[in-house]
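Given next are the chains, with one letter for each unit.
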Amino acid sequence: MTKIEQLQELLGKEKFEKFCRAFAGKHVYIPKEENEPMIATVGREAAEKLQAEWGGCSVDIPLFRDRQREKRNQEIVELSHEKTIEQLADIFDLSRRHIWRILKENATKKEDYTRPA
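Keep in mind that what you see is a predicted model, and the values were worked out from it rather than measured.

### Concerning the environment of E5
Locating E5 in the fold gives a position in helix α1 (residues 3-11). The exposure class of E5 is partly exposed, given its relative accessible area of 42%. C-alpha of E5 to C-alpha of E34: the two residues are 29 residues apart in sequence and 23 Å apart in space. One polar contact links the side chain of E5 to the main-chain amide nitrogen of T2, over a distance of 2.9 Å.

### Some details on α1
Within the span of α1, buried status applies to I4, L7, L10 and L11. The arc enclosing the buried residues of α1, seen along the axis, measures out at 125 degrees, which places them on a common side. Tucked inside the fold, the buried residues of α1 contact α2 (13-23), α4 (44-54) and β2 (58-60).

Calculation rules
- Residues numbered from 1 in each chain as written.
- Predicted model: local features only at pLDDT ≥ 70, side-chain atom pairs only at ≥ 80, totals over all residues.
- Heavy atoms only, no water.
- Helix = DSSP H or I, 4+ residues; strand = E, 2+ residues; numbered from the N terminus.
- Buried < 20%, exposed > 50% of the residue type's maximum accessible area, 1.4 Å probe, protein only.
- Polar contact = N/O pair within 3.5 Å; in protein donor to acceptor, adjacent residues only side chain to side chain.
- Arc of directions from axis to C-beta.
- Contact = heavy atoms within 4.5 Å.

Right, dumping it as structure tokens:
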């Protein structure tokens, strides 16, 4: 199990995501003693768990860009049944062409998202 997987197991999904958003792309030192920035980020209980298990250690937090992109693309696919391509482009601040590409890549049937003639 990687350090990141261990952190996720220790903190739980929600606190882990907050922690990763706050420290994405950084080398983070987990202090042994109470730390206000850590408490502000994940809450007192989670910060105490981190200090107990990881106090004195450092960990590199990845950027998670791939995960964020996958999550965004899945949301686009789900909303595509309710919204137009133009609306999706506005919501996600992407071009119409990019929205089409995402939908085509994630379509269950190739003919689901064919560009109109």
